[in-house]
Structure formats: structure tokens, C-alpha cells
Amino acid sequence: MTAKEALLNYCLRLGDSSLILGQRMSEWCSNGPILEEDIAMTNIALDLFGQARTMLTYAGEIEEKGKTEDDFAYKRNEREFYNSLLSERPNGHFGDTIARNFLQSAYFFHLYTTLSSSKDDMISAHAVKSLKEVTYHLRHSAEWLVRLGDGTAESHEKVQISLDDLWEFTGDLFEMNEVDELLIKEGIAVDLNEIKKEWIKTVDQVLERATLKKPENGYMQTGRLNAIHSEYLGHLIAEMQFLPRAYPDAKW
Amino acid sequence: MTDLEKLEKFQAKIDAEDKIEPKDWMPEEYRKHLQRQISQHAHSEVIGMQPEGNWISRAPSLRAKVVLLAKIQDEAGHGQYLYSAAETLGKSRDEFIEELQSGKAKYSSIFNYPTLSWADMGAVGWLVDGAAIVNQVSLQRTSYGPYSRAMVRICKEESFHQRQGYEIMAHLAKGTLEQKAMAQDALNRFWWPSIMMFGPHDSDSPNTGNAVKWKIKRETNDELRQKFIDKTVQQAEIIGLTIPDKELKWNEEKGHYDFGEMDWDEFWRIVKGNGPCNKQRLAHHIKAHQDGRWVREAALTYAKKQKEKQFPPQPSQREGEELEIRD
């Protein structure tokens, strides 16, 4: 594997997780528990799509085959997406969404904090900008996790189940392969073992405030690095890609 | 002061183009009219999120997706802003939402039509927001202060929305044959419902009476409709689309376009709840509201717990104290 191939893959990982989580968040539009939450969740979706566009555009530049952000978003199949397994989990109820976003946003927060000093200028600039956004996303999901966890008996039980159900997808966030090894040596990527230590601290702090139990570490699902996903992703991208696929000659 | 004197003072203020503010005295009928109009305006913004939200997941490019999403977010913001303006008249947002969900309050009938293709995102922005702007520009001069100020702010964003819609239509119209057909089809379906958004002819409009005297309404339905048609016809010509009205013709003498008669049976059928999407839109709103109940309850309970930690209540206050939970 060349450094260029590794960097391309790394950008797709970052871009795809933002894209897929953004698509999920946009599904909340007109479905929020209160109007203010509709607005907040749309905001988060907008930030995530913005992040995805930057990384997918950069991926096109690295690849040097003339691909645009839309070529990456609309013309790849599910076995070519490198988003985290967590990001594609269905929204479920509000508590499921909040728990998923919290686990993913805490990861993004520590990842972008460290990537802010990446030796790749584009990645470091992207991390600096995204960090501001994911700081808000983390705060939004953490505050809601606390409200739901320490709210009513019903909300406590519901969101505890959400966390328990999602936990098996968190191991996937921290897996690494030769792409990471190569880019860590170049000072471009970060060691996800280090990110994991910080992530656990954040999770522990917030769960304590939320009076929620951290789920046991059982078997962890895996797949992101090899673009192996749940069945949900195929449906998500089929819907997302419908128009460019149905009208291949059209420009939008 | 007698009621008559109050009324005279109120009318004098309106005649002098001063704004009526929430704490000012106002006739009950004025208050009720505004409560109805502003809340229905707010409901329209909120229900209007659904037909456009229908295409977010399928927007054909990331740029188009972001623009559409930002637009719908603006609509949600308008809804929020208008509910606040309506609340200054002494009724809560929860009460207004209750009226919407029970069918007592209406929202703009245009949102009871389905959005069937991507071109509908263009048609909704161009025509529906375009028609809304004509009405809202006029309402910037409405006599009730909070409503007037809400309109000033909302108009700024709506003009972006109309341009966004027009951009989609223009782009499709110069695209492939299929794209152009998609744009024309959207125009065909949305044209008549859009011009009916201004409401019945002045001769058949029951709510105009005092609304004009009190300067809630500054221009009549027919005047506003004519303005919209006059500015939209040329926009269609520029991008090579045809407005589906054979009687549409420039009238040199009047300086306006003449146009065909609208289908008022269809208009009233939809107002009465029998449009293609009336039931779907309300059911969607009710479901989201009900699904969110446990979340709202949790937030209130949490807030109460926090408050109690800060200010522990006296034992006598605790007894019988109920959480106020509204749905």
C-alpha cells in the first residue's frame, strides 16, 4: 500500500462516517420531540454534511481521477463505504439517537482534537474546523443523555437499553490496520488506542452524571475497515443515491 | 375610560400607522383574529416541513441536500418565531398545537399536496414560497407589532428560499429531456394550488371586513394574487417552462396579466380536509408529538430535580405538588 492509497482511505473513513450519520440525523426533520430539537438536529446534520463534503472532495484530489464529492457519495456501493458501524445504526427512538450520537460524537471530539495537529495540512484544518462543531454535538447529546438518564424512570430505562444495545458497535471505532500504521508513521493519523483512553474517560464522566451504567464489554462487532456493514446501510444509500442512479446522464 | 373611548383610541393609533403592542388595549375580535392568523401561519411553517422533508434523504447532490436542509431549518425557525409572536396574545404554544392537532386550526392547504419528484422542491420554493413572500411583504406593515417584526425577519429568509427553488427549476429546465419534463410536471401540478394560496376572491372572502379597517390585512386576496402572477409569468418564460393556463395573457390596458378561473371546488375540498395529504400531514405531526412525550417529561422531571437540588423545597410545599406536564 502506498502512502497515497492510505491517505485516500483515511479520508473516506472520516468523510463517510460524517455523511452517514448526517443522513441519519436529517431523517429527524419534522419528527423531533419539540420544534427546538428539530432545529438542533438539523443543525447537526448540516455540520456533518459539511464535514463529509470537505473530506470527500479532498479524497478526489488525492486520488487524481477527477472524482467529485458527489461521485463518492452517490456512485459507490455499500462494500465501498468506510463509515463506522455506529454511524449507520437506525435512529430508533430519541434515546437511541442520543445514545448513538453521544458515543460517536465523543469519538469525533477526541479524534479531531488530536488530528488538529496532523502533519497533513488539509486534515489538520478539517479537524480544527470540525472540532468546533463536534464539541457542540457532544454537548447536545451528553446533556440529553443526562436528562434522559436522570429524568423519569421510563426515560432512564429506555436510554439504558439504548446504550446497552449500541455498545457492541463501539469497538469498531478504534480498530486499526496498515492504513493507520503507515499514516501514524508519517504523523498524519493518530493512534486510536490513545483516543480510546480519552473516549472512555468522557463516557464514564457523562454516564455517571446520567446515573447510567456502562455496559459490559462483550463481543464487539467489526467491519468498518473492510467496508463490511449491517444490512441497514444498503437501504440508506439506495435511498440517498436514487436520483443519480435513476438518471445517470443528468447533472444536478 | 369606556370601551368606546378605548376603541376610538385604538383605531386612532392604527390610523396613525402606529403599531399595537401586546400590552396595549385591543378589541377581543382583533386579538382573536390575530391569534388565529398568526398561529395558522406558524402551523403552516411547521407542517410545510413535511412535504419538503420528503426529499432530504433523496436530494441528488450533497450541495442540494445541504441547501434544502438549511431551508427547512429556516421554516422550523419561522414556526418557532411565529408561535412566540402568537403567544404574546395570551395563548400558549401548547394550546395552539392542540388546536392544530384537533383540526380546529388550519394551515395553508398547499401543504396537503404531495411532493412527487425532485422538481417539486423547485416548485415549492419558487411558487409556494414565492406566493408566501408576496403575502408576507404586505404583512410587514400589519398593525400588530410582534407580527409585523416577525414578518420583516422572515421575509429576508424567504427571498433566499424562492431563489433556491427557482435555481432548481432553472437547472432542471436546461437539463436532460427527462429533467425538463420533471420541471414542467411540477409546475403543472403546483401552479393552480399556488395561486389559490391567496384565498378566495375578494367578493367571497369572509375574513376581510375588520381586518382591513384594523390594518391587519393591508392588501386584498385578489390584489396579492395579481402581483404574484405578474412577477412569476416572466420568470417561467426565462427558463422555458409553460404556465398551465391557456387564458393567461398580458392585458396592456390594465397593465396586468389576465388569467383563467381557479378550481374553487378543489380549494374548498382540501380546506375541508379531503386533500391528498391532509390526514397524512396531521397524523405525522401527532405521531411525532406523541413519540416525544416521554422525552419532554424526562426533561421537565430532570429540570425539577436540578431545581430542588439548588433550592430544597420546604416539607409543606412538597405535598400535593404536581409536575406540570403539557402535551
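Keep in mind it's a predicted model, so treat the numbers as computed, not measured.

Chemist: Looking at this structure, how should I read the overall build of chain B?
Modeler: Regarding its fold elements, chain B presents 14 helices and 2 strands. Overall size of chain B, expressed as C-alpha extent along the three principal axes, is 75 × 55 × 35 Å. Split into buried and exposed, the 327 residues of chain B put 53% on the buried side. By sequence separation, contacts in chain B at least 24 residues apart represent 76% of the contacts at least 6 residues apart. Surface accessibility of chain B: about 15700 Å² in total, with carbon and sulfur atoms responsible for 52%.

Chemist: Looking at this model, I keep getting lost on the packing of aromatic side chains. Mind explaining?
Modeler: Within a pair of aromatic rings, the relevant descriptors are the distance that separates the centres and the angle that separates the planes. All names here are of chain A. Tallied over the full model, the rule gives 19 aromatic pairs over all chains. Ring centres of Phe108 and Tyr112 lie 5.6 Å apart, and the angle between their planes is 15°; this geometry places the pair in the stacked category. With Phe108 and Tyr112 both in helix 4 (residues 94–115) and 4 residues apart, this pair spans about one turn of that helix. Exposure class is identical for Phe108 and Tyr112. Each is buried.

Chemist: Before we go on, may I ask you to explain the state of the cysteines in this structure?
Modeler: Throughout the structure, instances matching the rule amount to 0 disulfides over all chains. The closest cysteine sulfur to the non-disulfide-bonded A:Cys29 is located on B:Cys277, 16 Å from its own sulfur.

Chemist: When you look at a nonpolar patch on the surface in this model, what are you seeing that I'm missing?
Modeler: A cluster of nonpolar residues, B:Leu4, B:Leu7 and B:Trp25, forms a patch on the protein surface that exposes about 280 Å² of accessible area. Note on placement: B:Trp25 falls in the loop between helix 1 (3–15) and helix 2 (28–47).

Chemist: I would appreciate a short explanation of unusual backbone geometry in the present structure.
Modeler: All names here are of chain A. In this model, Glu64 sits at a positive phi of 60°, which is unusual for a non-glycine residue. Inspection of the secondary structure assignment puts Glu64 in the loop between helix 2 (35–63) and helix 3 (69–74). Judged by its relative accessible area of 61%, Glu64 is exposed.

Chemist: Help me understand the packing of helix 5 (residues 93–102) of chain B against helix 12 (residues 278–291) of chain B in this model?
Modeler: Any two packed helices are characterised by the angle at which their axes cross and by the distance between the axes. All names here are of chain B. Running from amino to carboxyl end, helix 5 crosses helix 12 at an angle of 135°, the nearest separation of the two axes being 9 Å. Overall, the two elements helix 5 and helix 12 adopt an arrangement that is oblique. Like other packed secondary-structure pairs, helix 5 and helix 12 cross with a definite hand, here left-handed. Residues Ile97, Leu100 and Gln101 of helix 5 lie in contact with helix 12, whose contacting residues are Leu282, His285, Ile286 and His289. Of the residues that constitute the contact of helix 5 with helix 12, the class distribution is 4 nonpolar, 3 polar and no charged.

Chemist: Looking at this model, I keep getting lost on the pattern of salt bridges. Mind explaining?
Modeler: Where side chains of opposite charge bring their charged atoms close, a pairing between them can arise. Scanning the entire structure with this criterion turns up 34 salt bridges over all chains. Here A:Asp16 ties to A:Arg76 by a salt bridge, and the two come within 2.7 Å at their closest N and O atoms. Taken together, the residues span a long stretch of sequence, with A:Asp16 in helix 1 (residues 3–26) and A:Arg76 in the loop between helix 3 and helix 4 at a distance of 60 residues. Residue A:Arg76 is classed as buried on the basis of its relative accessible area, which comes to 7%. Measuring nitrogen to oxygen at the nearest pair gives 2.6 Å for the salt bridge that ties B:Glu219 to B:Lys227.

Calculation rules
Residues numbered from 1 in each chain as written. Chains lettered and ligands numbered in written order. Predicted model: local features only at pLDDT ≥ 70, side-chain atom pairs only at ≥ 80, totals over all residues. Heavy atoms only, no water. Helix = DSSP H or I, 4+ residues; strand = E, 2+ residues; numbered from the N terminus. Buried < 20%, exposed > 50% of the residue type's maximum accessible area, 1.4 Å probe, protein only. Contact = heavy atoms within 4.5 Å. Areas by Shrake-Rupley, 256 points an atom, 1.4 Å probe, with all protein chains shown as cover. Phe/Tyr/Trp six-rings, centres within 6.5 Å; stacked < 30°, edge-to-face > 60°. Disulfide = S-S within 2.5 Å. Patch = residues over 30% accessible without salt bridge, like charges linked within 9 Å, V, L, I, M, F, W, Y side chains within 5 Å. Salt bridge = Lys/Arg side-chain N within 4 Å of Asp/Glu carboxyl O. Axes fitted to C-alpha atoms, helices over the stretch in contact; angles between N-to-C directions. Parallel < 35°, antiparallel > 145°, perpendicular 65-115°, else oblique. Left-handed = near helix turned anticlockwise from the far one by under 90°. Nonpolar A, V, L, I, M, F, W, Y, C, P; charged D, E, K, R; others polar.

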